[in-house]
Structure formats: structure tokens, C-alpha cells
Amino acid sequence: MVRHVVPYRIKVVEPIRLLTREDRERKIRAAGLNVFRLRSDDVYIDLLTDSGTGAMSAAQWSQLMLGDESYAGSSSFYRLEDSIQRVTGLPFVIPVHQGRAAEQVLDYVLMPEPGMVVPGNTHFDTTKAHIEFRGGRAVDCTIPEGFDAEAAHPFKGNVDMDRLRDAYKEYGNAAIAYVLITVTCNSGGGQPVSMENIREVSTFCREHDLKVFFDAARFAENAYFIQQREKGYADTSVRDIVLEMFTHVDGCTMSAKKDGLVPIGGFLALRSEALYEEMKPTDILFEGFYTYGGMSGMNMDAMAQGLLEVVDESYLAHRIGQTVSLGDNLRRLDVPIVTPVGGHAVFIDGRRFFPKVPEDQFPAQLVTVELYREGGVRAVEIGSCLAGRDPDSGENIRPSLDLCRLTIPRRVYTQEHFDYIADVVATVYAQQQGRTTGLAFDVESKGIRHFTSTFREL
Ligand code: F0G
């Protein structure tokens, strides 16, 4: 019995190539042992991100021709608005060019003065950076299981209600700009949030007159996990689960580069007309007129179609199936990964992969370097380098997990690619797990440092 039917066939191909080992060694050294600094031509299988890297469908490509490039009142915007309203049930839509632009607009309006906080489940790095840019702080209220690579919990992205209550006690209503639920929780390993938890957070926020938003980048994947794992939802369609999820929030920020199935795009969706009116001028200031917000008409039409395709259950079953099966294969080969496997990526636990490499020598970053050396596979560190420094003390933050993320682009790679990836990871693990030294910064960039810093081997 076939578990997951592949719900597409390939119509257009994009050539990729594997450099020789000597060339890979040269390239990674020239890149300062930072895979962000590699050229994509020098990468064989690119698992850096699932952001903007998916394949568009024939229907999306055909929609591009409908793009209306009018500055104001573009019909593409109205098609996008209709699609977002149908999928989320939220009535007011502000387009932006990508997720962090939505964060900028939201924080500009909801964090008018410094000293405000945003409690939530492990905020994504740009999300946290935008909050800090407004003089605020992100307060991480993820459940303890979310910080344990092996804890068996079906919804490790959940918000810990006690921590949320504590945050409320500590900061009070006036200092809490809003509460943010990231679905799925990227930084925590692509882990989902349960409907029960969403409901609890929402009830708490309504009782205490707090706004609550989704960071909805992977909302469809989260809904699929609810259908698969949460009691009472097995017979509910993903579309209905998505609609129910959004009934519990005041709005969302969205990076459509993920579950919008487009190379670029994003939006804010809101329940309150007053907030919508307040955010429109901010969108104009940062992004463009509020019926295009940094996107072309073509972009908006492709996104309108992508949002309808992403809630298709055969698509989601195959998509999550690819991720889970890569995780299962790695586990069979004894590679230490975060379990249960999340939606968009398999996360290798760097500290267990290289148990003898000291924690402050970036074991997960070392894994990414070695995967490129071994097989031209580009993964990404989500760990000590990414975590950066504490904005108050200036000290290096030591995150509870130091991870190397194998991020799966949507509708791009085949089972043969996945078999190859598993071979590469298993080979590095088998041959190098005894390593005793890791990496140190050569040049540490200021601010968000993982994109540009360079390293040396110790
Ligand atoms: N929120 C989440 C949960 C994200 O994963 C991202 C991006 C953003 C917001 C920002 O969106 O890139 O469109 O501005 N994550 C990408 C990643 C970059 O690789 O995980 P953006």
C-alpha cells in the first residue's frame, strides 16, 4: 500500500550539479565556513530554507498573466483579498512584500513606545529583531517539552499557560503589545501548536483584554498536524481547521514565501476595521500603496492561487510525508534529530551529533559545514550563532538546542534526492562523530549575525 501519493508530476526541470570534493572544499573556505556566503550554483541540494524556494504550480504560472499592475485598486489585490478571506475568515487584508515587512507594520502600530513586550512561543529571529528594533522584548513562553530534543509531545510548539500568566503578572496589560503564536513554531523545530492551546491562549487574551496574533507562515502545515494528532479533528477538513484556528486571533502576520507557495509575498490580515485603518498609512510608508504593499500584481495573483493550493490535503500529506520520512531514515541510521519531526524541516541536534565538541564551539554550524563538504548539501544552523547576543548584557545567548536544519522546499525534491541527503548525513555522522574541536568566529557581524559572520576551525 502506497502511503503518500505524489500529487504532481514534473513539467519543467532546473539543472543542478555537484562540484568535486576539492572544489567544494575551496568554496566553503572562501565562504568563511558560512553556507550563506556560498553561491547557489555551487550547492547541489539546497536545504537552506523553505522560504520562497518552492515550485509554483501550472495554475499559479498561468495566474501570473492576469496580474493587474495598476497602482491603486488592482484587480489582483481583490483576488488576493478574496483568497485570504476565504482561507482565514479574516476580513481585512494589508499586502506586504514578505513576512518581516508585516512584522514591521504591526510593531510600528502596536509598539508605539519602547519597553513593551510580546509573549509567545519561540519567536522567529526576524520577529524578535523587529520587536527589539521597536525597543521591546520578546518573552518566550514555550512549554518545556519544546526545548527538549527528544520529549515525546505531539504539540511541542504550544504556549505554556503558566509562563504566559507569569508574563502578564510581571509586565501587566499596558506593557504587553500583543501575544504572538507562531504556527508552526519554526525556531522550536517546526513544531505545531494544538487547537486546544490556541483556544486557551485566545481565551486568556480576551479575558485580559490583550490582542493575540498568529505568525502564520506555516498555518496549513500546523492545521494538518492538528488533523493528524489532535483528538476530535481526524474527520475535520484542513480547510475547516484553518478557519477555526483563525477564529481565535485578532489577526496575523504572514510570510507567503512559505505556505503561500510563492517566491516572494506576505500580508497582514486583521479582524478589526479600526486597526486596519490605522495600519494602512504605515503600509504606505514602508511598503507601498495598500492595494499592492511591495508586490507586483503578478505576485499577488500567484499568491492568491498558492493559498488555495496549500490547504489541499493530498499536497499536505505528501509534503509532511517527505519531511517525516527523511527524519525516519535518519533515525534508522542513528543520527540524533529532534523528534517528533516537525513540518518543514528535519533538525539535527548538533550537540549530540558532535558530543565532544564544546558547546561554545558551534557544533551545529560545524554540521552544516561538513554536510556541504561531504555532499554539496546546504543546511542551515539554527543554534548558538543564530541566537546572537543578549541585547541587554551583550553576552552570547546559549540556546537550549543547537540545531542544524535540513529545510525541505515545497514540491521541489524527489525521493532520490532525499535518499542522497540521508546518505550524506549518515556518512558525516559515522566518520566524524568523535571530533573534539569545533569553530570560532573569524569575523563576527553585528546584529543578526548568522548571515555574514565568518568562522575558522579550531
Ligand atoms: N516568521 C517565521 C515563523 C518565519 O519562519 C519567517 C522566515 C518569518 C517570520 C519572516 O518571513 O522571511 O518572509 O520576511 N523564515 C525563513 C526561514 C527566512 O528560513 O525560516 P520573511
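It should be noted that the structure appears before, not after, this text.
Residues numbered from 1 in each chain as written. Predicted model: local features only at pLDDT ≥ 70, side-chain atom pairs only at ≥ 80, totals over all residues. Heavy atoms only, no water.

Participant: Quick question: what am I supposed to make of the packing of aromatic side chains here?
Facilitator: The way to describe two aromatic rings as a pair is by their centre distance and the angle between their planes. Considering all chains together, one arrives at 17 aromatic pairs under this definition. Between tyrosine 168 and phenylalanine 204, the ring centres sit 5.8 Å apart and the planes meet at 90°, which makes this aromatic pair edge-to-face. You can see tyrosine 168 sitting in helix α6 (residues 161–175) and its partner phenylalanine 204 sitting in helix α7 (residues 195–207), a full 36 residues away along the chain. Residue tyrosine 168 is classed as partly exposed on the basis of its relative accessible area, which comes to 21%. Taken together, the aromatic side chains of Tyr71, Phe289, Tyr290 and Tyr292 make up a single cluster linked through ring pairs. The side chain of lysine 280 reaches across the aromatic face of tyrosine 290, ending 4.5 Å from its centre. Against the face of phenylalanine 354 rests arginine 435, its NZ or CZ located 6.0 Å from the ring centre. (Phe/Tyr/Trp six-rings, centres within 6.5 Å; stacked < 30°, edge-to-face > 60°. Helix = DSSP H or I, 4+ residues; strand = E, 2+ residues; numbered from the N terminus. Buried < 20%, exposed > 50% of the residue type's maximum accessible area, 1.4 Å probe, protein only. Lys NZ or Arg CZ within 6 Å of the ring centre and 35° of its normal.)

Participant: I tried to follow helix α5 (residues 125–133) on my own but got confused; where do I start?
Facilitator: The periodicity of an α-helix, 3.6 residues per turn, causes residues three or four places apart in sequence to face the same way. Of the residues making up α5, those classed as buried are Asp125, Thr126, Thr127, His130 and Ile131. Downstream of α5 by a residue or two, glycine 135 has a phi angle that is positive, lying close to 80°.

Participant: Before we go on, may I ask you to explain the sheet that holds strand β12 (residues 403–407) in this structure?
Facilitator: Sheets are built from strands paired through backbone hydrogen bonds, the pairs being either parallel or antiparallel. Read from one edge to the other, the open sheet built from three strands follows the order β9-β12-β11, with strand pairing classed as antiparallel. For this open sheet the edge positions go to β9 (345–349) and β11 (380–382), each flanked by a neighbour on one side alone. Taken over all neighbouring pairs, the strand axes of this sheet differ in orientation by 35° on average, direction set aside. Sheet topology note: the β11/β12 ladder contains three bridges and is antiparallel. (Pairing = 2+ DSSP bridges. Axes fitted to C-alpha atoms, helices over the stretch in contact; angles between N-to-C directions.)

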